[in-house]
Amino acid sequence: MTTTQVTLVQIDNYGPWTTTPEPRREMDLQTLQSRLFADVAQFLGHRDAYVFFTRFDNMIAVTNGVDGAAHATLQESIGNRYPVSVSLGTAVAERPVDALEAANRRLQTAGSAQDESRTEVLAGEYLSETDRSDLQVAHFDVVNATGKYTDRLNEFDTFINIEQAYGSLMRHLREAHGALSFFVGGDNVVAVCPDLPETAFSSAVEQVEEDVDIELQVGVGQGASAHEAGFAAKHALEDCRHDGTSVELFGAPLVGD
Ligand SMILES: Nc1nc2c(ncn2[C@@H]2O[C@H](COP(=O)(O)OP(=O)(O)OP(=O)(O)O)[C@@H](O)[C@H]2O)c(=O)[nH]1
């Protein structure tokens, strides 16, 4: 069994801030959002966690191994350095989507994202050293995206193709397994999954191919932290590239390999 600790990072009262006292320059908002993401990624990355930018005003982090004190430090440091503050809700579950639901609910019950009196909520349950078990991460990539898209189409049409594959994959894994998938750049999608067998990944790849006619390959890893699981997944993806296979499970070679 795998356990995922998910933290929802939500900028407090951000909507009103973006338009008060009048609408702020879009590139200033983009700069703030991407710097905040970079800071959160650096802080959590040093602790072997992952964070995904999702909508930028809300970010989803996978924080197995990061305790409540570290979350408090992150929140304090952002409040000290940015013109906005963040709330952090954390929860633990076997299926990542259930952990996110519970983490999200902690903020939603404390008040609205646009309630100016609901700021810097720090609410959560954190895995203790003793109840930590592994989590599973899958790293998907479009087969030969450079040859099929990047070197042939204009960048916008390439982007449409990649986004279509991402949309199809994220919906399938969410609906079938409660997994959370995130576009991380280029042609790459990282999915945080429950403990899924190899067949679940081959059906996901088939499903996307049927749906949008885009070929994916995926490496799967497990580990005590998002980094450890994700790193194993990257190595498994290298095996796909090397062997021309569409699914590789790190540390669990398929029969006949
Ligand atoms: N975030 C992230 N992006 C990556 C990673 N590896 C590659 N990329 C991105 O994906 C783009 C395409 O690289 P590849 O996936 O290696 O190229 P490809 O043409 O699809 O080749 P194959 O994957 O070998 O089929 C690169 O320009 C990067 O932007 C990774 O591990 N993480």
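Within every chain, residues take consecutive numbers counted from 1 along the sequence as written. Only residues with pLDDT of at least 70 are given local features in this predicted model, and only at 80 or more are side-chain atom pairs given and counted; all residues enter the totals for whole chains, interfaces and linings. The basis for every side-chain value is the complete set of heavy atoms in the structure, and neither hydrogens nor water enter the calculation.

Per an unreviewed UniProt entry, the protein goes by the name GTP cyclohydrolase III and belongs to Halorubrum trapanicum. In its Catalytic activity (unreviewed entry) section, UniProt records this for the protein: "GTP + 3 H2O = 2-amino-5-formylamino-6-(5-phospho-D-ribosylamino)pyrimidin-4(3H)-one + 2 phosphate + 2 H(+)". Quoted verbatim from the Function (unreviewed entry) heading of the UniProt record, the comment on the protein is "Catalyzes the formation of 2-amino-5-formylamino-6-ribofuranosylamino-4(3H)-pyrimidinone ribonucleotide monophosphate and inorganic phosphate from GTP. Also has an independent pyrophosphate phosphohydrolase activity." UniProt positions are given in the numbering used here, feature names are shortened, and annotations may be inferred rather than shown by experiment.

Observations concerning the nonpolar core
Judged by nonpolar contacts, the single largest core of 27 residues is most densely connected at A138, F140, L169, F201 and V218. Of all the secondary-structure elements, those providing two or more residues to this core are β6 (135-142), α5 (145-150), α6 (155-177), β8 (188-193), α7 (198-212), β9 (216-223) and β10 (247-249). Definition used in this section: a nonpolar core is a set of buried Ala, Val, Leu, Ile, Met, Phe, Trp, Tyr and Cys residues joined via side-chain atoms within 4.5 Å. Accessible area is worked out with a 1.4 Å probe on protein chains only. A residue is then buried under 20% of its type maximum, exposed over 50%, and partly exposed in between. Counting from the N terminus, the helices are DSSP H or I runs at least four residues long and the strands are E runs at least two residues long.

Section: the site of the ligand
The near set for a molecule or strand comprises every residue that places at least one heavy atom within 4 Å of it. The local shell around the ligand holds 14 residues, among which D141, N144, A145, T146 and K234 are the closest. A145 is positioned such that a nitrogen or oxygen atom in its backbone is 2.9 Å from an oxygen atom of the ligand. Pairing of N or O atoms within 3.5 Å defines a polar contact, subject to two protein rules: one partner must be a possible hydrogen donor and the other a possible acceptor, and residues neighboring in sequence count only if both atoms are side-chain atoms. T146 places a side-chain nitrogen or oxygen 2.5 Å from an oxygen atom of the ligand. In these tables, accessible area is a Shrake-Rupley quantity obtained with a 1.4 Å probe, and a residue counts as shielded only by the protein chains included in the view. With the chains in place, 58% of the 630 Å² that the ligand exposes on its own is no longer accessible. Elements with a contribution of two residues or more to the shell around the ligand: β6, α5 and α8 (226-243). Top contributing element to the shell around the ligand by residue count: β6, with 3 residues. Ten residue types, Ala, Val, Leu, Ile, Met, Phe, Trp, Tyr, Cys and Pro, are classed as nonpolar, four, Asp, Glu, Lys and Arg, as charged, and the remainder, Gly among them, as polar. Here the residues of the shell around the ligand are counted per class, giving 4 nonpolar, 6 polar and 4 charged.

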